[in-house]
Amino acid sequence: DVDPEKGIQALRRQFNLIYLIKGGVHDVHLGADYRWLKANDLVIVPENMLYASSNVRDCRGYCIHFKTEFLQPIINGPLSSQFPYFDMNSEHVINISDEQCELIQQSFVDIISEYERFSHEKDYVLRNYIHILLLRIREIYKPYAQQLKQNISRSAQLASKFKKLEEK
């Protein structure tokens, strides 16, 4: 339900956002970064990160948002300590393989199915399904993050630090 003319307004939202793009036109502003998304892009937006989009049309995929407090009963400490992709300074858009995409899609399908179902245990089950999604993303993200660190030049490191300071 995004207005195709206005897009998504720039705000610091009070929830975490994870989505998987399967198709359509979508750009994204994350903090000081801007990029166009493509099929199989996995986007992770931590709470309080500046997020906007000016072009959203005919998008297909999956999306979930949740507050960190919802997961606190099963997560020890800050979310970013267990899941580094929630750190404000991490890479927040990664393009995943078709096989990885199927795995992530299944997690989204499980979450949606449970959300739509009536159950006295709904919150507990949803917490665990979200936790599974986060674990699957971490499994995919870890080698990606290591490769990024190895390939980054000194000038890119300095630019990244500057962007982080600017964001703060």
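This text follows the structure it describes.
Just so it is clear, the structure is predicted and the values come from calculations on it, not from any experiment. Here, residues in each chain are numbered from 1, in the same order as that chain's written sequence. Per-residue local features of the predicted model are confined to residues with pLDDT of at least 70, and side-chain atom pairs are confined, for both listing and counting, to 80 or more; whole-chain, interface and lining totals are unaffected and use all residues. Side-chain figures throughout are based on the complete set of non-hydrogen atoms in the structure, without hydrogens or water.

Q: Is there a simple way to think about the overall build of the chain in this case?
A: From N to C terminus, the chain includes 5 helices and 7 strands. A run of DSSP states H or I qualifies as a helix once it reaches four residues; a run of E qualifies as a strand once it reaches two. Both are numbered from the N-terminal end. Going from the N terminus to the C terminus, the chain shows its helices and strands as β-β-β-β-β-β-α-α-β-α-α-α. Split into buried and exposed, the 168 residues of the chain put 36% on the buried side. A 1.4 Å probe and the Shrake-Rupley method give the accessible areas. Residues count as covered only by the protein chains that appear here. A total of about 10100 Å² of accessible surface is found on the chain, and carbon and sulfur atoms cover 51% of it. Only protein chains enter the calculation, and the probe is 1.4 Å; a residue is then buried if its accessible area is under 20% of its type maximum, exposed if over 50%, and partly exposed in between.

Q: I'm lost on helix α3 (residues 98-116) in this one. Help?
A: Given 3.6 residues per helical turn, the α-helix brings residues three or four places apart onto the same face. Look at α3: 27 Å from first C-alpha to last across 19 residues, which is about the 27 Å you get at 1.5 Å a residue. Considered for burial, the residues of α3 that qualify are C101, I104, Q105, S107, F108, I111 and E114. To estimate how far a helix should reach, multiply one less than its number of residues by 1.5 Å.

Q: Even after reading the chapter, I still don't get the packing of aromatic side chains, so can you show me in this structure?
A: Given two aromatic rings, their pairing is described by the distance between the two centres and the angle made by the two planes. The criterion for an aromatic pair is that two Phe, Tyr or Trp rings (for Trp, the six-membered ring) have centres within 6.5 Å, with stacked assigned to planes under 30 degrees apart, edge-to-face to planes over 60 apart and tilted to the rest. Under the counting rule described, the total for this entry stands at 7 aromatic pairs. With centroids separated by 6.3 Å and ring planes inclined at 85 degrees, the aromatic side chains of F66 and F86 adopt a geometry described as edge-to-face. Separated by 20 residues along the polypeptide, F66 in strand β6 (residues 56-66) and F86 in the loop between α2 (79-82) and β7 (93-95) bring together distant segments of the chain. Given a relative accessible area of 6%, F86 falls into the buried group. Here Y85 and Y141 contribute two aromatic rings whose centre-to-centre distance is 5.5 Å and whose plane-to-plane angle is 65 degrees, an arrangement assigned as edge-to-face. Of the two residues, Y85 sits in the loop between α2 and β7 while Y141 sits in helix α4 (residues 122-151), which places them 56 residues apart along the sequence. Both residues of the pair, Y85 and Y141, belong to the buried class. Connected via pairs of aromatic rings, a cluster forms that spans F66, F83, Y85, F86 and Y141. For a ring to carry a charge above it, either NZ of a lysine or CZ of an arginine must fall within 6 Å of the ring centroid while also lying within 35 degrees of the normal to the ring plane. A cation over an aromatic ring shows up here: K122 above the ring of Y115, its NZ or CZ 5.3 Å from the ring centre.

Q: Quick question: what am I supposed to make of the pattern of salt bridges here?
A: Here the idea is simple: oppositely charged side chains can pair when their charged atoms come close. Salt bridges are defined by distance alone: a side-chain nitrogen of Lys or Arg within 4 Å of a carboxyl oxygen of Asp or Glu. Using the criterion set out here, one finds 3 salt bridges in the structure. Here E91 ties to R35 by a salt bridge, and the two come within 2.8 Å at their closest N and O atoms. Of this pair, E91 sits in the loop between α2 and β7 while R35 sits in strand β3 (residues 33-36), and the two are 56 residues apart along the sequence. According to the relative accessible area criterion, R35 is partly exposed, its value standing at 31%. A salt bridge links D41 to K38; the nearest nitrogen and oxygen atoms lie 4.0 Å apart. Judged by its relative accessible area of 49%, K38 falls in the partly exposed class.

Q: When you look at the nonpolar core in this model, what are you seeing that I'm missing?
A: Within soluble globular proteins, side chains that are nonpolar tend to cluster in buried spots. Put simply, buried Ala, Val, Leu, Ile, Met, Phe, Trp, Tyr and Cys residues joined by side-chain atoms within 4.5 Å make one nonpolar core. Judged by nonpolar contacts, the single largest core of 26 residues is most densely connected at I18, L42, F66, F86, I104 and L134. Secondary structure elements with two or more residues in this core: β2 (16-30), β4 (41-45), β6, α3 and α4. The dominant element in this core, judged by the number of residues it contributes, is α4, at 8 residues. Should any heavy atoms of two residues lie within 4.5 Å, those residues are counted as being in contact. Those residues within four positions of L42 in sequence are excluded, and the remaining contacts are I18, Y19, L20, H92, V93, I94, I96, I104 and I137. Formed by 13 residues, the second largest nonpolar core is a distinct cluster that contains I21, L37, V45 and V56.

Q: I tried to follow the side chain of E47 on my own but got confused; where do I start?
A: When you line up the elements, E47 lands in the loop between β4 and β5 (50-53). For the buried E47, no salt bridge is present, and the opposite-charge side chain at shortest range is K67, 5.9 Å distant. Polar contacts here mean pairs of N or O atoms no more than 3.5 Å apart (in protein, one a potential hydrogen donor and the other a potential acceptor; neighbouring residues in sequence count only if both atoms are side-chain atoms). Polar side-chain contacts of E47 include one of 3.0 Å to the side chain of T68. Residues in contact with E47, not counting those within four places in the same chain, are R13, Q14, F15, N16, K67, T68, E69 and M88. By the counting rule applied here, Lys and Arg register as positive and Asp and Glu as negative, while His and the ends of each chain are not counted.

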